[in-house]
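Listed below, chain by chain, are the residues.
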Amino acid sequence: MREPEYSSYIELTPGSISIKKGSAVEVSVVNPELSLTYNIHYKFDESWRTEVIYQQGKLFPGLDFNLTYYVTNQHAVSDTFMITVFEEPALRDLTVRYNYPAYTGMESFADYHSSGNIRAVEGTEISLEMDANNPLQEAVMIFSSGEARSMNRLGRTSFETSFTLEKSGSYHFLLTDFLGNNSQRVEKSLTMIADKAPEIKIVYPGKDTLFTQNLKQHMKFFATDDYGLQDFKLFYRINDNESQQIELKKDINTTTLEYDYLFDLSNTYMLPGDIVTYWATISDNNPEKQTTSSKTYTLRFPSVEEIFAEIQREEEEKMDLFRKSMEMSDQLQQDFERTRRDMMKRDEYDWEDKKNLESHLSQQEDLNQMIENIAEEYQKLLEKFEDNPFLSQDTLDKMQRIKELMDEIADDNLRDVMERMRDAMEEMNRDELLKLMDEFKFSMEEFNRKLENTLALLENIKKEQSLQKALAISEEMEQMQEKLMERTEQQQANPEQLANEQDTISDKMNALEEQLEQLKQMLDENKDGGLMADLDALQQE
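Since we're looking at a predicted model, the values are computed, not measured. (Residues numbered from 1 in each chain as written. Predicted model: local features only at pLDDT ≥ 70, side-chain atom pairs only at ≥ 80, totals over all residues. Heavy atoms only, no water.)

## Some points on the overall build of the chain
Logical step 1: Regarding its fold elements, the chain presents 7 helices and 27 strands.
Logical step 2: Expressed as a percentage of the 541 residues in the chain, the buried residues total 43%.
Logical step 3: Sequence-distant contacts, at least 24 apart, represent 67% of the contacts inside the chain between residues at least 6 apart.
Logical step 4: As presented, the chain carries roughly 30300 Å² of accessible surface, and 44% of it is formed by carbon and sulfur atoms. (Helix = DSSP H or I, 4+ residues; strand = E, 2+ residues; numbered from the N terminus. Buried < 20%, exposed > 50% of the residue type's maximum accessible area, 1.4 Å probe, protein only. Contact = heavy atoms within 4.5 Å. Areas by Shrake-Rupley, 256 points an atom, 1.4 Å probe, with all protein chains shown as cover.)

Put into structure tokens, the structure is as follows:
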């Protein structure tokens, strides 16, 4: 009997294919010869496995790895095929490049192996280069605003795109591989850092204050911005007139600015009571130019009366403190003398004595500190009025001498005696302590004498300043009258304004008469002969 003929080739489906991870695949023999036995040979790694195929097919459920396979029977062998398993498309690597706006002065930056969360200043050019785990058919960048941006292909798995960061939000990549599988949605943040507006402060005087009589005011400014500054200006207006501007600095190459300026209106005609309102502005270097204004302050042009009233108020405060210091010092001397005499009567020195002495020393230290504080405040007063044209150099010299006397009141000798007394108190050395107590008594008397001398000088200078106040009122009134006549002749003001200025001059005359009367009552013919003569001369004028 003739043997049957068998095919020398075995045809299989699906052959070599690519699938998504987790997919099921059935391998089948096409037109099998039913009398033969078919075996499938397959491997996931290096080891081959063999199974008999029943019903001429083999199902591989949920493949997670690549599979190589072929089929045999007693007479033939199929070709070898591969099932390639791909994961769903996903981002494998990302590079984000930041090209910052030129005005920030920041260098470009590349963030390799980036998380994809983007944070940059407004207007930054962002470039992204991404690489996927699988060959891709398409890559799209989708923003939270709904905008979809198709990315440009660089390779089988890599794409790129760029955009300008203009607002915060989020985005994700939609990756589609050649099998048509889409990536999972993974949101990444977009954070736009807004360019902050610059800040500017008028550090000094930093408050509403009085103009000096020379119409000059020292000012200090501080400004800052996150990236750069430009166009620094000072604006001012006198009363309700139109504002004027002074360009202080146009080009600024730093992010902070400290600036000193002398505001000078000495060539401007102003009357006592006029108010100058002023403020500063500055811009950042953003092309859109954000401009910020400082707080608004005022400078009021004071009358002579106001200036001297402030001097008098300041000096009265110092004189009251000196009087209080003298009262405290007198009481302390009395208490100390009682303690000293009591100790001289006894041979022993006990803890109660030590306690009393320590109290006396502490009170003297408080007095020393009080005088130091007064001296510091008086120095500020000196600095405040040293450029005042109405105070004579002689008066300023006397004020400086008063300041020096204040510094000398609590001198090193007093402090040295107090320190040595404390040492003797600790050593319980009664004889040395009594000796030092005599020295301390003398130092306290000297302390009081200096207080009295300084107070007498303050009282005396008060009279001189009162005379100078009268002289200043007279000079100011004369200048105002000259200005009024000049403006009347040149018709530089309306009649109502001229009438108001004439009323102001009349008020000055009344103030001068009152000042002269007050000064006359302050002076003593026996002690203030020179000042009396100056007063008589002024009254005659």
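## Here's the deal with the sheet that holds strand S13 (residues 136-143)
Logical step 1: Pairing is mixed in the open sheet, where 5 strands are placed in the order S11-S18-S17-S13-S14. Among the strands making up the open sheet, the edge pair consists of strand S11 (118-121) and strand S14 (148-150). Averaged over all pairs of adjacent strands, the angle between strand axes in this sheet comes to 25°, irrespective of strand direction.
Logical step 2: Where S13 lies against strand S17 (residues 169-177), 7 bridges are found, and the strand directions are antiparallel. By the bridge assignment for S17, Val140 is matched with Leu174. (Pairing = 2+ DSSP bridges. Axes fitted to C-alpha atoms, helices over the stretch in contact; angles between N-to-C directions.)

## What about the nonpolar core?
Logical step 1: Counting residues in each nonpolar core, the largest one holds 39 residues, and the members touching the most others are Phe322, Leu357, Met421, Leu433 and Phe440.
Logical step 2: Looking at this core, the elements that each hand over two or more residues are helix H1 (304-345), helix H2 (351-385), helix H3 (393-409), helix H4 (412-427) and helix H5 (430-490).
Logical step 3: Apart from the residues within four sequence positions on either side, Leu357 is in contact with Phe336, Thr339, Met343, Tyr349, Met421, Met425, Leu433 and Met437.
Logical step 4: Within the second largest apolar cluster, 27 residues are counted, among which are Ile202, Leu248, Ile252 and Phe263. (Core = buried A, V, L, I, M, F, W, Y, C linked by side-chain atoms within 4.5 Å.)

## So, the packing of aromatic side chains
Given two aromatic rings, their pairing is described by the distance between the two centres and the angle made by the two planes.
Logical step 1: On inspection of all chains with the given rule, the structure shows 18 aromatic pairs.
Logical step 2: Their ring planes at 75° and their centres at 6.0 Å tell us that Tyr42 and Phe44 sit as a pair that is edge-to-face.
Logical step 3: Note on Phe44: relative accessible area 30%, which makes it partly exposed.
Logical step 4: Centre to centre, the rings of Tyr103 and Tyr227 are 5.9 Å apart; their planes meet at 90°, and the pair counts as edge-to-face. (Phe/Tyr/Trp six-rings, centres within 6.5 Å; stacked < 30°, edge-to-face > 60°.)

## Focus on the pairing of strand S12 (residues 125-132)
Logical step 1: Bridge analysis of strand S9 (residues 91-99) against S12 gives 8 bridges, and the strand direction is antiparallel. Considered in S12, the bridge of Arg97 is made with Ser127.
Logical step 2: In terms of strand pairing, S12 meets strand S16 (residues 158-164) through 7 bridges, oriented antiparallel. Directly across from Glu125, in S16, lies its bridge partner Thr164.

## As for the pattern of salt bridges
Logical step 1: For the structure on display, the rule yields 23 salt bridges.
Logical step 2: Taking the shortest distance from any N to any O, the salt bridge between Glu337 and Arg341 comes out at 2.7 Å. One end of the pair, Glu337, and the other, Arg341, are both in helix H1, 4 residues apart, so they sit about a helical turn from each other.
Logical step 3: Residue classification places Glu337 among the buried residues on the basis of a relative accessible area of 13%.
Logical step 4: Ionic pairing is found between Glu358 and Arg422, a salt bridge with its closest N-O pair at 2.9 Å. Linking Glu358 in helix H2 with Arg422 in helix H4, this pair joins segments that are 64 residues apart in sequence.
Logical step 5: What makes Arg422 partly exposed here is its relative accessible area of 23%. (Salt bridge = Lys/Arg side-chain N within 4 Å of Asp/Glu carboxyl O.)

## Quick look at the sheet that holds strand S19 (residues 199-204)
Logical step 1: If you walk across this open sheet you meet the 3 strands as S19-S21-S24, and the pairing is antiparallel. Looking at the sheet topology across the chains shown, the edges are occupied by S19 and strand S24 (256-264). Direction aside, the axes of adjacent strands within the sheet are offset by 25° on average.
Logical step 2: Direction of pairing for strand S21 (residues 216-224) relative to S24: antiparallel, over a ladder of 9 bridges. Its bridge partner lying in S24, Phe222 is registered against Glu258.

## A look at the environment of Lys450
Logical step 1: The residue Lys450 is located in helix H5 in this model.
Logical step 2: By relative accessible area, which is 15% here, Lys450 ends up buried.
Logical step 3: Once the C-alpha coordinates of Lys450 and Ile409 are considered, the two residues, 41 residues apart in sequence, prove to be 5.8 Å apart.
Logical step 4: When neighbours within four sequence positions are excluded, Lys450 is seen to be in contact with Glu408, Ile409 and Asp411.

## Observations regarding the pairing of S9
Logical step 1: Strand direction decides the pairing type here: S9 and strand S10 (residues 109-111), joined by 3 bridges, are antiparallel. Of the residues in S10, the one forming a bridge with Arg97 is Ala110.

## As for a nonpolar patch on the surface
Logical step 1: Taken together, the side chains of Val203, Tyr204 and Phe222 present a nonpolar region at the surface, about 270 Å² in accessible area.
Logical step 2: Looking at where Val203 falls in the secondary structure, it is placed in strand S19. (Patch = residues over 30% accessible without salt bridge, like charges linked within 9 Å, V, L, I, M, F, W, Y side chains within 5 Å.)

## Regarding the environment of Tyr378
Logical step 1: Relative to the helices and strands, Tyr378 resides in helix H2.
Logical step 2: Counting along the chain gives 25 residues from Tyr378 to Lys403, while the straight-line C-alpha distance between them is 6.6 Å.
Logical step 3: Look past the residues within four positions of Tyr378 in its chain and what remains in contact with it is Glu315, Lys318, Met399, Ile402, Lys403, Met406 and Leu458.

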